[in-house]
Amino acid sequence: DCLLWGDPHVETFDGSFPNFYGEGEFWVVRTDQVQIQGRYLATPFTNGLAATHQIIIGGAFMGGSRFSVGPLENGQITCDDQPTLSGFPSTGLCGGKQMSCDALGTVVDSAQADLEKHIVHFRDTTLGLE
């Protein structure tokens with residue numbers, strides 16, 4: 001498993017916890033089957049340090065489709081650059097993969113625990129992604 005959240009914190013597949021605070025677009029996962037990129041931008045809340053701004057999921061397992069999740073305030077959840085999951089809660093498909101947005105899940109960082117949760121889930125049972 002790997003996990004990333006916030007400004008940006010990362011738990012890698014091998015259990016390491018590197019932190020990155022520079023702006024840019026970086027590969028999170030890059031294999032023939034799965035490609036995940038992260039975009040990190042400075043925010044006024046992080047005193048100029050970069051925070052996770054967008055995650056894009058694609059690759060051969062998506063059959064040419066791309067699923068993108070951006071900041072909640074902009075409503076930027078897209079499949080192939082078209083808005084999706086616009087309701088709350090909501091479910092849908094992107095590249096034949098299940099996706100949903102709801103309040104179900106665990107908050108990784110308790111600093112935001114008092115805010116309403118909008119958690120995006122992406123599932124591919126063939127590769128074991130969730």
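Nothing here was measured: the structure is a model prediction, and the numbers come from that model.

## Things to note about the overall build of the protein chain
Secondary structure summary: the protein chain contains zero helices and 11 strands in total. Expected size for 130 residues packed as a compact globule is a radius of gyration near 14 Å; at 15 Å, the protein chain falls within 12% of this value. The contacts in the protein chain between residues at least 6 apart in sequence include a share of 28% that link residues at least 24 apart. Carbon and sulfur atoms make up 53% of the accessible area of the protein chain, which amounts to about 8300 Å² in all. Taken as two groups, the 6 positive and 16 negative side-chain charges of the protein chain have centres that lie 7 Å from each other.

## A closer look at the pattern of salt bridges
Enumeration over the complete set of coordinates arrives at two salt bridges. In this structure, the salt-bridge partner of E25 is R39, at a minimum N-O distance of 2.5 Å. Note that E25 is positioned in strand β3 (residues 24-30) and R39 in strand β4 (residues 35-42), a separation of 14 residues in sequence. Relative accessible area serves as the criterion here: at 49%, E25 is assigned to the partly exposed category. Accessibility expressed as a relative area gives 29% for R39, which makes it partly exposed. The closest approach of N and O atoms between D81 and R66, which form a salt bridge, is 3.3 Å. With D81 in the loop between β7 (77-79) and β8 (82-83) and R66 in the loop between β5 (50-58) and β6 (67-69), the pair connects residues that are 15 residues apart, well separated along the chain.

## Quick notes on the sheet that holds strand β9 (residues 90-94)
To summarise the sheet geometry, strands pair through backbone hydrogen bonds and adopt either a parallel or an antiparallel arrangement. The three strands are arranged β9-β10-β11 in an open sheet whose pairing can be described as antiparallel. Each end of this open sheet is capped by a strand with a single partner; those strands are β9 and β11 (119-123). Across this sheet, the average inter-strand angle for adjacent strands is 20 degrees, counted without regard to direction.

## Some thoughts on the sheet that holds β8
With antiparallel pairing, the six strands of this open sheet are ordered in space as β3-β4-β5-β6-β7-β8. Two strands close off the open sheet at either side, each with one partner strand: β3 and β8.

Calculation notes
- Each residue is numbered by its place in its chain's sequence as written, counting from 1.
- Predicted model: local features are reported for residues with pLDDT of at least 70 only, side-chain atom pairs are reported and counted for 80 or more only, and whole-chain, interface and lining totals are derived from all residues.
- Only hydrogens and water are removed before side-chain values are computed, so all heavy atoms of the structure are retained for them.
- Secondary structure elements follow DSSP: runs of H or I of four or more residues count as helices, runs of E of two or more count as strands, with numbering from the N terminus.
- Radius of gyration here is computed from C-alpha atoms only, and the compact-globule reference equals 2.2 Å multiplied by the residue count raised to the power 0.38.
- Residue contacts are counted whenever heavy atoms from the two residues lie within 4.5 Å of one another.
- Per-residue and other accessible areas follow the Shrake-Rupley method at a 1.4 Å probe size, with only the shown protein chains counted as cover for residues.
- A positive count includes Lys and Arg, and a negative count includes Asp and Glu. His and the chain ends are not counted in either.
- A single reference atom marks each charge: NZ on Lys, CZ on Arg, CG on Asp, CD on Glu.
- A pair is scored as a salt bridge if a Lys or Arg side-chain nitrogen falls within 4 Å of a carboxyl oxygen belonging to Asp or Glu.
- Relative accessibility thresholds used throughout: buried, under 20% of the residue-type maximum; exposed, over 50%; partly exposed, between the two (1.4 Å probe, protein chains only).
- When DSSP locates at least two bridges between a pair of strands, those strands are taken to pair.
- All axes here are fitted lines through C-alpha atoms, helices being fitted over the stretch that makes contact, and every angle between N-to-C directions spans 0 to 180 degrees.

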